[in-house]
Amino acid sequence: MNEIIIVTEVWPPFRIDDKTSEYQYSGIDLDLLKEVTKRLNVTFKIKRLPWARCLDFMKSGKADIITGLAYTPERAQYIRYSAIPYYVVSPAFYLQKGK
């Protein structure tokens, strides 16, 4: 059985820190990952890394999957996004009004 390496970080409700889970996470992404890997007959290992390092692992090929990733043209140079997203987000920055 092949093992898929997944890199990610906490981001509720998609990935919730859960010490009682064998993967140390629960949430929407974990439910989807469990079903996909079951259907593909593969196992997965999650590496919890700071977000920038998650992106570096994907870019260098040290990881197979990253979850909860907003689409950007720059990331699309080294990441293949699923054709049908289960949720749509865009990167954004927020600041106090008047600043």
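My aim in this report is to walk through the structure given alongside it, one point at a time. (Residues numbered from 1 in each chain as written. Predicted model: local features only at pLDDT ≥ 70, side-chain atom pairs only at ≥ 80, totals over all residues. Heavy atoms only, no water.)

Moving on, we get to the overall build of the protein chain. Scanning the protein chain from terminus to terminus reveals 2 helices and 5 strands. In the protein chain, the order of α-helices and β-strands from amino to carboxyl end is β-β-β-α-β-α-β. The proportion of buried residues among the 99 residues of the protein chain is 31%. The contacts in the protein chain between residues at least 6 apart in sequence include a share of 49% that link residues at least 24 apart. Total accessible area computed for the protein chain in this model is approximately 7,400 Å², and 55% of it derives from carbon and sulfur atoms. On the protein chain, the mean spot of the 15 positive side-chain charges and the mean spot of the 11 negative ones are 6 Å from each other. (Helix = DSSP H or I, 4+ residues; strand = E, 2+ residues; numbered from the N terminus. Buried < 20%, exposed > 50% of the residue type's maximum accessible area, 1.4 Å probe, protein only. Contact = heavy atoms within 4.5 Å. Areas by Shrake-Rupley, 256 points an atom, 1.4 Å probe, with all protein chains shown as cover. Lys, Arg positive; Asp, Glu negative; His and termini not counted. Charge placed at Lys NZ, Arg CZ, Asp CG, Glu CD.)

Turning our attention to the side chain of Thr-8. Checked against the element boundaries, Thr-8 lands in strand 1 (residues 3–8). A relative accessible area of 1% means that Thr-8 is categorised as buried. There is a polar contact of 2.5 Å between the side chain of Thr-8 and the side chain of Arg-15. Separated by 2.9 Å, the side chains of Thr-8 and Thr-67 make a polar contact. (Polar contact = N/O pair within 3.5 Å; in protein donor to acceptor, adjacent residues only side chain to side chain.)

Here we come to the side chain of Thr-67. The residue Thr-67 is located in the segment after strand 5 (65–66) in this model. A polar contact is formed between the side chain of Thr-67 and the side chain of Asp-29, at a distance of 3.1 Å. In contact with Thr-67, other than residues within four places in its own chain, are Ile-6, Val-7, Thr-8, Arg-15, Asp-29, Leu-33 and Trp-51.

Before going further, it helps to spend a moment on the nonpolar core. Counting residues in hydrophobic clusters, the biggest one holds 11 residues: Ile-5, Val-7, Leu-49, Cys-54, Leu-55, Phe-57, Met-58, Ala-63, Ile-66, Leu-69 and Ile-79. Sorting the residues of this core by element identifies strand 1 and helix 2 (51–60) as the ones contributing at least two each. When near neighbours in sequence (up to four residues on either side) are disregarded, Cys-54 contacts Val-7, Thr-8, Leu-49 and Ile-66. Core analysis: the next-biggest nonpolar cluster, separate from the first, contains 7 residues, Tyr-23, Tyr-25, Leu-30 and Ile-46 among them. (Core = buried A, V, L, I, M, F, W, Y, C linked by side-chain atoms within 4.5 Å.)

Interpretation note: all reported values are geometric properties and have no functional meaning in isolation.
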